[in-house]
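Secondary and tertiary structure notes
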Amino acid sequence: MTRSSNSPVTAVLGPTNTGKTHLAIERMAAHSSGIIGFPLRLLAREVYDRLVAIKGPKEVALVTGEERIVPPGARWFLCTAESMPLDREVSFVALDEGQLGADPERGHVFTDRILRARGRDETMILGSDSLRPVLRKLVPEAEIVTRPRFSTLSYAGAKKLSRLPKRSAIVAFSAEEVYAVAEALRRLRGGAAVVMGALSPRTRNAQVAMFQAGEVDYLVATDAIGMGLNLDVHHVAFASLNKFDGRRQRRLTVAEMAQIAGRAGRHQRDGTFGALVEEGPGAFTPEEIAAIEGHRVPPLEHLYWREGEPDLTSIDALIASLERKPDHMMLRAAPEATDLMVLKRLAAEDWVRDRVRSPRAVARLWAACGLPDFRKLGLDPHTRFVSRVFRHLSEARGHIPHIWFADEIARLDRIDGDVESIAGRIAAARSWAYIAHRADWLDDPAHWADRTRALEEKLSDALHASLTQRFVDKRTTVLLRQIGADASHLPVVIGAEGEVTVEDHPLGQLRGFHFEVSPDARAADKRMLLAAAEKGLAPELRRRAAALAAAPDDALSRVGAEVHWQGSRVAHLDVTANPLRPAIRLCRTLDVLNPRERNAALARIAAWLDARIVADLPDLATLDALSRDAAAGSRVRALAGLLVQAGGLMPRRAAGALVEALDPDDRKRLRKAGIVIGTLDLFMPGLLKPRAAAARRALLNLGDGATEGASVLHRTAPGASLEHGYRPLGQQAVRIDLAERIARAAHDSRKGRTPFTPDPALATSMGLTPDTLARLMAQLGFQGLRGRDGQPQRWVWKGLTPLAKPKPPPRDTSMGHAFAKLVALTDD
């Protein structure tokens with residue numbers, strides 16, 4: 001841990017909005033040469049542009065992993081911390097955001113710069129006050145200067161997105177969350193600019209320019225906003241207080257909260273911060289609020305360290321030096337970074353060890369392993385990519401083939417696709433830009449650097465356009481500014497045919513109570529304008545509610561399990577134990593009605609449904625009344641109740657001993673009600689007629705049925721099941737009333753238990769095959785006596801088998817409880 005110079009070291013510590021970065025720039029400009037290391041490429045680029053305006057482009061250099069602008073006579077260098085040229089002697093050196101030495105992923109880089117980066121005449125370390133205790137131990141000669149915040153930072157409470165003040169920045173911690181918040185702001189407030197660390201400087205600058213110029217009033221950013229980016233932000237709102245740090249999902253530290261919240265306010269103008277929710281994990285605690293407002297951050301107890309000048313004599317020596325433990329109590333060994341993980345994997349390859357036999361080859365391998373995973377592919381794909389790069393670097397002239405490079409650049413040279421697609425191409429282009437700026441990796445690095453820069457600029461312009469198109473609605477922004485903050489005053493017009501417009505802009509169609517977005521418009525736009533126009537639609541919805549409550553029968557209809565009014569869905573019918581009394585659930589589109597209006601609509605639909613059942617299914621209505629008739633007796637009511645649940649027909653065995661317990665009066669009452677107690681089934685013949693069968697299918701949601709009036713169906717035909725009124729027998733299914741007719745004819749033909757030959761004419765006229773008839777006769781209790789051809793020719797009565805205990809039905813609410821029993825009890 002040697003230091004390059006004994007120059008004075010000054011640590012300028014304090015909260016955000018103290019002008020620390022501005023001070024460092026002024027100090028560097030006063031020296032003959034200098035280097036400043038920043039945590040972000042975006043910030044390095046921003047300061048580079050500012051210094052170029054002061055010193056001129058020939059005097060200032062920009063050095064990052066993917067960008068390198070170094071004029072021959074450059075004296076002032078703006079760099080990312082990783083790219084600081086420590087072998088260059090300059091008068092002034094500064095490191096920004098030194099507290100990032102405690103970051104598990106990049107901390108060892110910042111720690112190394114704190115310990116080793118020194119200017120000839122002056123060195124400056126900028127950072128949070130949390131850095132103070134570790135600096136006193138690690139750099140005891142440093143003079144620590146505290147810079148107070150220029151303005152007040154105060155907590156403004158929780159505010160929903162729709163109520164955020166203008167000039168607000170909303171901070172999220174993933175690209176998905178950033179996009180979701182920006183989409184919501186587009187609908188609510190006309191749009192937002194988007195700033196993420198993964199954006200190229202060109203895209204980021206274009207997005208920030210929109211915000212700074214007032215084209216949009218909101219900015220959505222990741223926590224990169226906390227790293228010194230200079231923005232005119234009045235309020236910072238946290239969309240979340242949790243982030244994934246590369247290893248786990250965790251709550252932000254107070255220092256991180258303060259760093260981000262501190263971007264609110266500028267110079268001497270006060271700022272505020274808050275969250276989007278008042279309670280839960282996304283809300284600030286009183287202790288956190290007090291600490292942020294008082295600029296009190298917990299002191300760092302250690303920094304992460306890794307050898308900054310590793311041993312390059314061999315691969316094993318390199319790995320050993322990178323894994324060496326620090327020898328200072330304030331330092332901790334850095335978690336294994338991606339470059340070291342890639343190195344270990346390549347070190348296990350025989351071909352790599354065969355090619356790395358000198359310190360120069362080790363250095364080249366280590367440089368290849370330092371290629372960042374810009375695309376976030378994960379360790380395995382990134383290792384394969386680095387392996388291919390190093391294979392080229394370690395053979396022939398040690399250059400990457402220009403054909404491969406050119407092909408990859410050409411593959412990325414497209415601006416079609418959505419935001420995520422273009423952002424993914426920019427990330428891939430950054431890998432090739434990084435390679436292009438390694439002077440000894442290509443035959444013509446300057447040419448390829450220009451090519452990658454042009455590609456990134458082209459993709460950046462496309463990304464800016466795509467972000468603006470997706471997240472900014474300039475028409476809505478202007479409209480909202482015209483009417484003020486209360487979007488409920490939007491002039492909503494509803495035409496005679498239900499067409500809805502705002503300021504002559506068509507939004508869609510109001511059908512019944514349901515708003516349908518225009519097919520030629522983005523749904524997000526229409527949802528935003530519809531939400532803003534809720535009060536404008538309310539009177540029309542109340543008028544329609546009154547019309548529904550007074551609607552004539554022909555204005556209502558049933559489509560499957562839905563009830564429609566004037567062709568528009570208004571309710572859904574949920575299955576209950578009694579199919580004649582489904583639960584009526586109003587559609588969500590009617591939630592805007594008050595309780596009185598909703599109850600009136602429910603009552604009208606219920607009355608219409610009862611009337612329709614009586615008209616279309618009088619037999620079932622009679623059966624339902626019988627199940628509730630106290631004078632009918634318990635046995636009759638019980639059996640009628642089972643039949644109601646089954647929709648008016650069921651296998652006799654499903655009724656169990658209940659049928660056998662009926663006395664003659666019970667049977668007479670049931671026959672009078674139209675119920676047939678057949679040999680195999682209980683049913684009401686009227687329900688098998690075409691019109692009633694169709695109404696019954698609709699009531700029970702049975703789907704497609706058989707050809708109306710068909711006597712026999714193929715076993716695989718629609719409706720060939722007991723729930724539809726057909727008894728499956730082999731390859732055919734026979735309508736249950738016709739099966740009962742055959743049963744009666746067979747019993748009329750037999751003489752006791754003497755073998756007999758039934759008349760085949762009835763079965764033949766129905767279309768039954770001999771096999772189907774044989775199966776039916778067997779189910780009816782007859783035993784066949786086979787003739788010479790092996791087929792039953794004569795039959796003898798053996799009687800029905802004793803009643804079996806019904807199997808428990810499967811849970812299937814789509815058919816209803818009784819139909820599940822039918823399936824379990826169906827013979828064959």
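Now for a look at the structure at hand. (Residues numbered from 1 in each chain as written. Predicted model: local features only at pLDDT ≥ 70, side-chain atom pairs only at ≥ 80, totals over all residues. Heavy atoms only, no water.)

Quick notes on the sheet that holds strand S9 (residues 153-155)
Read from one edge to the other, the open sheet built from six strands follows the order S9-S16-S13-S10-S12-S11, with strand pairing classed as parallel. Of all strands in the sheet, those with a lone pairing partner are S9 and strand S11 (193-195), marking the two edges. Across the sheet, the mean angle separating the axes of adjacent strands is 25 degrees when strand polarity is ignored. Across four bridges, the pairing between strand S13 (residues 235-238) and strand S16 (residues 271-275) is parallel. Looking at S16, one finds that His235 is bridged to Thr272. Strands in contact with helix H5 (residues 175-189) are strand S10 (168-171), S11 and strand S12 (218-221); relative to S12, the strand with the most contacts, it is inclined by about 165 degrees. Packed on one face of the sheet, helix H8 (residues 286-293) meets S9 and S16 and runs near 165 degrees to S9. (Pairing = 2+ DSSP bridges. Helix = DSSP H or I, 4+ residues; strand = E, 2+ residues; numbered from the N terminus. Axes fitted to C-alpha atoms, helices over the stretch in contact; angles between N-to-C directions. Contact = heavy atoms within 4.5 Å.)

Examining the sheet that holds strand S3 (residues 60-63)
Within a beta sheet, neighbouring strands are joined by backbone hydrogen bonds and run either parallel or antiparallel to one another. The strand order S4-S3-S5-S2-S6-S7-S1-S8 describes an open sheet built from eight strands, whose pairing is mixed. If you trace the sheet from one side to the other, it starts and ends with strand S4 (68-69) and strand S8 (143-146), each paired once.

Overview of the pairing of S3
Where burial is concerned, the two faces of S3 agree: the one with Val60 and Leu62 and the one with Ala61 and Val63 are both buried. Pairing geometry for S3 and strand S5 (residues 76-80), over four bridges, is parallel. Residue pairing for S5: Ala61 is matched across the bridge by Phe77. As paired strands, S3 and S4 are joined by two bridges and run antiparallel to one another. (Buried < 20%, exposed > 50% of the residue type's maximum accessible area, 1.4 Å probe, protein only.)

Focus on unusual backbone geometry
The backbone of Arg167 sits at a positive phi, close to 65 degrees, despite the residue not being glycine. Among the structural elements, Arg167 can be located in the loop between S9 and S10. A positive phi angle is found at Gln566, which is not glycine, with a value near 55 degrees. Given a relative accessible area of 59%, Gln566 falls into the exposed group.

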